[in-house]
Amino acid sequence: MDSNTMREAVTPHETIELLKSLVRIPSVNGSEEAVALWLKDLFQNLGLETSLYEVEPHRPAVVGILHGKRPGKRLMYTTHFDTHVTDNMEIPPFEPEIRENRLYGRGSCDAKGSIAAMIMSAVLLQRTGCDFSGDLLLAFVPDEEYLNKGTTYLMEQGITADMAVVGEPTEMAVGFGHRGCTHIDINVTGRAYHSAFPERGINAIEQMAHVITALRSEFFPTYEQKHHPYLGHPVINLGLIRGGTRIHTVADKCCASFLRRDLPGETTDDILDGIQEFLDGLMARDPKLCAHVSLSTIQQRIRLPFFMEPDHPLVSGMSGSCRRAAGRAGEKQVMNYYCDASILCTESGIPTVIFGPGSISVAHSAVEYIDLDQLTDAVYIYADYAMSCLAGEEKTP
């Protein structure tokens, strides 16, 4: 189908109006029910086979299926409708405004822009009477921003596919990989004492300062020796530190929390064992030091890396759709952030690519927006990709 036919079937105005409607519905992480129910009604009005899946009370995921004209493969278009908090915003979060070819509002790029474009791509297939096999499945979920419960739940319920696209703000690049995430706590135990006699105690905060300095200068640089041809080396960030109970007492506990971004092939046990081995060496040099590493209590699930070979047909196919449908390069890239592609591909074995309108640099920001050319082009790219993936013969039972 040529691009002119696609643009006549679904106009940019329709996609923009749909995104405005989505942005107007607050769906900050933890309060997503209203937008899920709105999407359910929309799916039913479009004639899609529609289902709700209660991930947690009042936190449903919504699934809509557009069936082809004969049995075949299933392509899943999926992303999240939960958004980051709005406390830091410098614009009205739920009053979409268009300025300089951008639509402003919370969730506009992360990731309601992808939702709007994915839905309108299905509408395009309907309106043009596209002859395809199999199913196009739209799956939009809560709780991607925090614990990825939405997609995890759908996988547990057997909502699967032969291939998937995760809509995230990639600036129209085709994402084929990202590092995993491990949340790590290092706990140092000291000895409390009255602050009038600090020398009689063991200050856990001061001990932690030595531990962090040693890790940063001696151990973390060894991560640069690990290398992936596309994902680079692991990186680690110290994000939180907590210690002590009151100012007039020598601190007897201190906890430092790190986020490590991991490579394919690394295991949680190996990561933690490596750090603990280094801490054991520090304790051997300082008998007063007591330090141990563990998974952070906030890490309720292991977040694995995701990687597809850049010449995989699904990756190259999305690049081809970018060129055909919108005249865009469809550059192949690895992403710097974790997303549900890991759950779909690494954990569940569904070949997956990441693709969507918008820039990750403004996601979660005080002034979130989406480029409208990217938004509207994404509709035609998603439609072309669906036609390409589902145009084959019937799937062999």
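In this text, all values refer to a predicted model and were calculated from it rather than measured experimentally.

Confidence in the prediction for the protein averages 96 pLDDT; 98% of positions are at 70 or higher. Long-range and interchain partners of residues 393-397, a stretch whose pLDDT sits below 50, account for 7 contacts in this model, where long-range means more than four residues apart.

Counted according to the given criterion, the structure contains 1 cavity of 30 Å³ or more. Looking at the largest cavity, its volume works out to about 50 Å³. Looking at side-chain class alone, the lining of the largest cavity contains 4 nonpolar, 3 polar and 3 charged residues.

Turning to the pattern of salt bridges, a few remarks are in order. Counted according to the given criterion, the structure contains 18 salt bridges. R59 is paired through a salt bridge with D143; the nearest N and O atoms lie 3.2 Å apart. With R59 in strand β2 (residues 59-67) and D143 in the loop between β6 (133-141) and α5 (149-156), this pair connects stretches of sequence that are 84 residues apart. A relative accessible area of 2% means that D143 is categorised as buried. Across the pair D377 and R328 runs a salt bridge, and its minimum N-O distance is 2.9 Å. One end of the pair, D377, is in helix α10 (residues 372-389); the other, R328, is in the loop between α8 (313-326) and β15 (332-333), and 49 residues separate them in sequence.

With that out of the way, let us pick up the pairing of β6. β6 sits mainly inside the fold: 9 of its 9 residues count as buried. Both β2 and β6 contribute to a ladder of 6 bridges, which runs antiparallel. What sits directly across from G64, in β6, is L138. Of the strand pairs in this sheet, strand β3 (residues 70-80) and β6 are connected by 8 bridges, and their pairing is parallel. Within β6, the position partnered with T79 by the bridge is F140.

At their nearest, the axes of helix α4 (residues 108-127) and α10 sit 8 Å apart, and the two run at 50 degrees to each other. Classified by the interaxial angle, the pair formed by α4 and α10 is oblique. In the packing of α4 onto α10, the handedness of the crossing is right-handed. Only L375, A378, V379, Y380, Y382, A383, A386 and M387 of α10 make contact with α4, whose side of the interface consists of G113, S114, A117, M118, M120, S121, L124 and L125.

What follows concerns α4. Quick reminder: α-helices carry 3.6 residues per turn. Residues three or four places apart thus point the same way. Burial runs high along α4: 18 of the 20 residues are buried. In the stretch just after α4, G129 is the one whose phi turns positive, near 60 degrees.

A word on the sheet that holds strand β10 (residues 180-189). Neighbouring strands of a sheet are bound in pairs by backbone hydrogen bonds; such pairs are parallel or else antiparallel. The 4 strands are arranged β11-β12-β10-β13 in an open sheet whose pairing can be described as antiparallel. Strand pairing shows two members of the sheet lacking a second neighbour, β11 (235-243) and β13 (291-295), which therefore form its edges. Between one strand axis and the next, the sheet turns through 25 degrees on average, direction left out of account. Pairing of β10 with β13 involves 5 bridges; the strand directions are antiparallel. In the sheet register, I186 faces β13, and the bridge partner there is V293. Packing against the sheet, helix α7 (residues 268-285) makes contact with β10, β12 (253-262) and β13, and its axis sits at approximately 170 degrees to β13.

All right, on to the packing of helix α2 (residues 12-24) against α10 then. For the pair α2 and α10, the least separation of the axes is 10 Å and the interaxial angle reads 110 degrees. When the axes of α2 and α10 are compared, the pair comes out roughly perpendicular. Residues P12, T15, I16 and L19 of α2 form the contact with α10, whose own contacting residues are L372, L375, T376, V379 and Y380. Partitioned by chemical class, the residues of the contact of α2 with α10 number 7 nonpolar, 2 polar and no charged.

Here 3 strands make up an open sheet; going across it, the order is β4-β5-β17 and the pairing antiparallel. The strands lining the two open edges of the sheet, one partner per strand, are β4 (97-99) and β17 (369-371). Each strand of the sheet is rotated relative to its neighbour by a mean of 25 degrees, with strand direction disregarded. Where strand β5 (residues 102-104) lies against β17, 3 bridges are found, and the strand directions are antiparallel. Residue R102 lies in a different strand from β17, and its bridge partner there is D371. Sheet contacts for α2: β4, β5 and β17; angle to β5, the most-contacted strand, approximately 15 degrees.

This brings us to the nonpolar core. When a protein is soluble and globular, its nonpolar side chains tend to lie buried together. Ranked by internal contacts, the top residues of the largest apolar core, which has 96 residues, are L39, L75, Y77, I119, L138, F140 and V165. Here this core gets 12 residues from one element, more than from any other, and that element is α10. With sequence-adjacent residues up to four places away left out, Y77 is seen in contact with M118, S121, L136, L137, L138, A139, F140, V165, Y382, Y385 and A386. Residues I184, A204, I212 and A291 belong to the second largest nonpolar core, which totals 26 residues.

The rules we used
- Residues numbered from 1 in each chain as written.
- Predicted model: local features only at pLDDT ≥ 70, side-chain atom pairs only at ≥ 80, totals over all residues.
- Heavy atoms only, no water.
- pLDDT = per-residue confidence, 0-100.
- Contact = heavy atoms within 4.5 Å.
- 1 Å grid on protein atoms, 1.4 Å probe; cavity = no way out; pocket = protein on both sides within 12 Å on 5 of 7 lines; lining within 4 Å.
- Points joined across faces, edges and corners; volume = space filled by probe spheres on them.
- Nonpolar A, V, L, I, M, F, W, Y, C, P; charged D, E, K, R; others polar.
- Salt bridge = Lys/Arg side-chain N within 4 Å of Asp/Glu carboxyl O.
- Helix = DSSP H or I, 4+ residues; strand = E, 2+ residues; numbered from the N terminus.
- Buried < 20%, exposed > 50% of the residue type's maximum accessible area, 1.4 Å probe, protein only.
- Pairing = 2+ DSSP bridges.
- Axes fitted to C-alpha atoms, helices over the stretch in contact; angles between N-to-C directions.
- Parallel < 35°, antiparallel > 145°, perpendicular 65-115°, else oblique.
- Left-handed = near helix turned anticlockwise from the far one by under 90°.
- Core = buried A, V, L, I, M, F, W, Y, C linked by side-chain atoms within 4.5 Å.

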